[in-house]
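Residue-level structure breakdown
The lines below spell out each chain.
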Amino acid sequence: MAVHTVRSLATHLHTGTSRNISPSHRNPNAAIRLSYRSPKLRRFISVSSSLREGNEHGKENSVRALEVKNIPEESPLLPKALSSNQLAEPVSNGSRVRVAYQINLFVYVPLKYGVRGAYSESAAEKAYPNCEAVPCEEFDTAFEAVERWLVDRAVLPIENSLGGSIHRNYDLLLRHNLHIVGEVKLAVRHCLLANHGVKLDGLRRVLSHPQALAQCENTLTRLGLVREAVDDTAGAAKLIALEGLSDAAAVASAKAAKIYGLSVVAEDIQDDSDNVTRFLMLAREPIIPGTNKLFKTSIVFSLEEGPGVLFKALAVFALRQINLTKMESRPLRKTPMRASGGLKYFDYLFYVDFEASMADEVAQNALRHLEEFATFLRVLGSYPVDTTML
Ligand SMILES: O=C(O)C(=O)C[C@]1(C(=O)O)C=C[C@@H](O)C=C1
């Protein structure tokens, strides 16, 4: 299978070997679900100004009273999405880095429109300024797009300071063989977006990504709004505009308000002003870890069952004064339960981030020590810490 061809070529950092994948290994025929937009069909949907006025005066619900405008081929509003005829072309041709980010598309929104204005898109642009951000339908698709040489990098959310971990991406890090080559932190400032003329007290429902809804829990409860989970924040904004809803708002960015022609009815509605999402930058090849700046290393391991095993595992870092910045446990899916002494135990994978570069001897010693009793160990990447103050 094509996926395996690429996977088997990818190398693990901890083996110390790193090979380049030559263009001949690229898989041009890969069938991959990516948003496709035919240039001839490029259109942008926006709410017409007459519709806005209609709403302001409390007139009819304006469902579907939308204007479809043709916009120029090279409009900055539209990123060039991956198209089927590009599957055969090499993507790294010395031009801009192409970065995949995940955006789920509503099934009834034609794929050709794509969804812009999501936080993940901003993160991709922060990580790789000037990059061409390529929307992907699912997190898996973004991983596959990199593996199959359709894009150069993926930028995916891994944790949020209020909502916690994005578990799906932890699982995918293990299932795929990409390497973490960087991290980027994005200050997430949510707004409540509604169609023009809609007032706060006229709202009954709120639509957004579950993470975004969770980050605004207090405000939404205070406003007494019924939460409806959708696939992403920008998609929620687009739906509100497309359907001309007058009883619903979206939790999304100010950027999404501009793109979809919505008004901002409330700003900074997250439960804490310090709302930060951490994104990982993923690539086919690892970067060579350095010691010239602050580095972080991400690993995943599993252990035997028994008293104190996790304590022992974490001691390999504590003994060497290595600071841990994050820990996450996920079920070991292949063998989720293990029987021992008449009892059944859950099996886990432990994901740990620690502040040291794999180029540091102390980090190498810690992992050698951990390898002595871990049943499985993989280095997911050693990369520079994002030290930007948000
Ligand atoms: O829906 C979006 O805009 C996204 O980019 C997704 C996502 C997430 O998956 O956590 C990214 C950042 C925010 O924390 C909220 C949502």
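Residues numbered from 1 in each chain as written. Predicted model: local features only at pLDDT ≥ 70, side-chain atom pairs only at ≥ 80, totals over all residues. Heavy atoms only, no water.

A word on the overall build of the chain. A tally of helices and strands in the chain yields eleven helices and 19 strands. A burial count over the chain gives 53% of its 390 residues as buried. Counted over contacts in the chain with a minimum sequence separation of 6, partners at least 24 positions apart contribute 79%. When the accessible area of the chain is evaluated, it comes to approximately 18300 Å², of which 53% is carbon and sulfur surface. (Helix = DSSP H or I, 4+ residues; strand = E, 2+ residues; numbered from the N terminus. Buried < 20%, exposed > 50% of the residue type's maximum accessible area, 1.4 Å probe, protein only. Contact = heavy atoms within 4.5 Å. Areas by Shrake-Rupley, 256 points an atom, 1.4 Å probe, with all protein chains shown as cover.)

Glancing now at the packing of aromatic side chains. Applying the stated criterion to the full structure yields four aromatic pairs. Ring centres of Phe301 and Phe350 lie 5.8 Å apart, and the angle between their planes is 40°; this geometry places the pair in the tilted category. Pair noted here: Phe301 is in strand 14 (residues 295-302) and Phe350 is in strand 18 (residues 348-354), with a separation of 49 residues, a long-range link. For the pair shown, Phe301 and Phe350 are each scored as buried. Measuring from centroid to centroid gives 6.3 Å for Tyr348 and Phe350, while their planes differ by 40°, and the two rings are tilted. Linked through ring pairs, Phe301, Tyr348 and Phe350 together constitute an aromatic cluster. Taking NZ or CZ as reference, Arg284 lies 3.6 Å from the ring centre of Trp149, over its face. Sitting above the plane of the Phe373 ring, Lys312 keeps its charged end 4.6 Å from the centroid. (Phe/Tyr/Trp six-rings, centres within 6.5 Å; stacked < 30°, edge-to-face > 60°. Lys NZ or Arg CZ within 6 Å of the ring centre and 35° of its normal.)

What follows concerns the confidence of the model for the chain. When pLDDT is averaged along the chain, the result is 76; 71% of the residues meet or exceed 70. Counted against residues more than four places away or in other chains, residues 1-92, with its pLDDT under 50, gives 162 contacts. At the level of chain-chain contacts, confidence expressed as ipTM amounts to 0.93, with global pTM at 0.73. (pLDDT = per-residue confidence, 0-100.)

Moving on: the domain arrangement of the chain. Along its sequence, the chain is carved into domain 1 (1-286) and domain 2 (288-384). On the side of domain 2, 21 residues touch domain 1, which itself brings 22 residues to the contact. Regarding the contact of domain 1 and domain 2, the summed buried area is about 1900 Å², with carbon and sulfur atoms giving 52% of it. At the surface where domain 1 touches domain 2, the tally comes to four salt bridges. The salt bridge partner of Arg330 is Asp171, with a shortest N-O separation of 2.9 Å. Where domain 1 meets domain 2, there are 13 residue pairs in polar contact (both at pLDDT 80 or more). Elements represented by at least two residues in the side of domain 1 that touches domain 2 include exactly helix 5 (167-175), strand 7 (179-187) and strand 13 (276-283). Per-element accounting of the side of domain 1 that touches domain 2 gives the leading share, six residues, to helix 5. The class makeup of the residues in the side of domain 1 that touches domain 2 is nine nonpolar, eight polar and five charged. (Domains from an automatic or database assignment. Buried area = accessible area lost by both parts, 1.4 Å probe. Salt bridge = Lys/Arg side-chain N within 4 Å of Asp/Glu carboxyl O. Polar contact = N/O pair within 3.5 Å; in protein donor to acceptor, adjacent residues only side chain to side chain. Nonpolar A, V, L, I, M, F, W, Y, C, P; charged D, E, K, R; others polar.)

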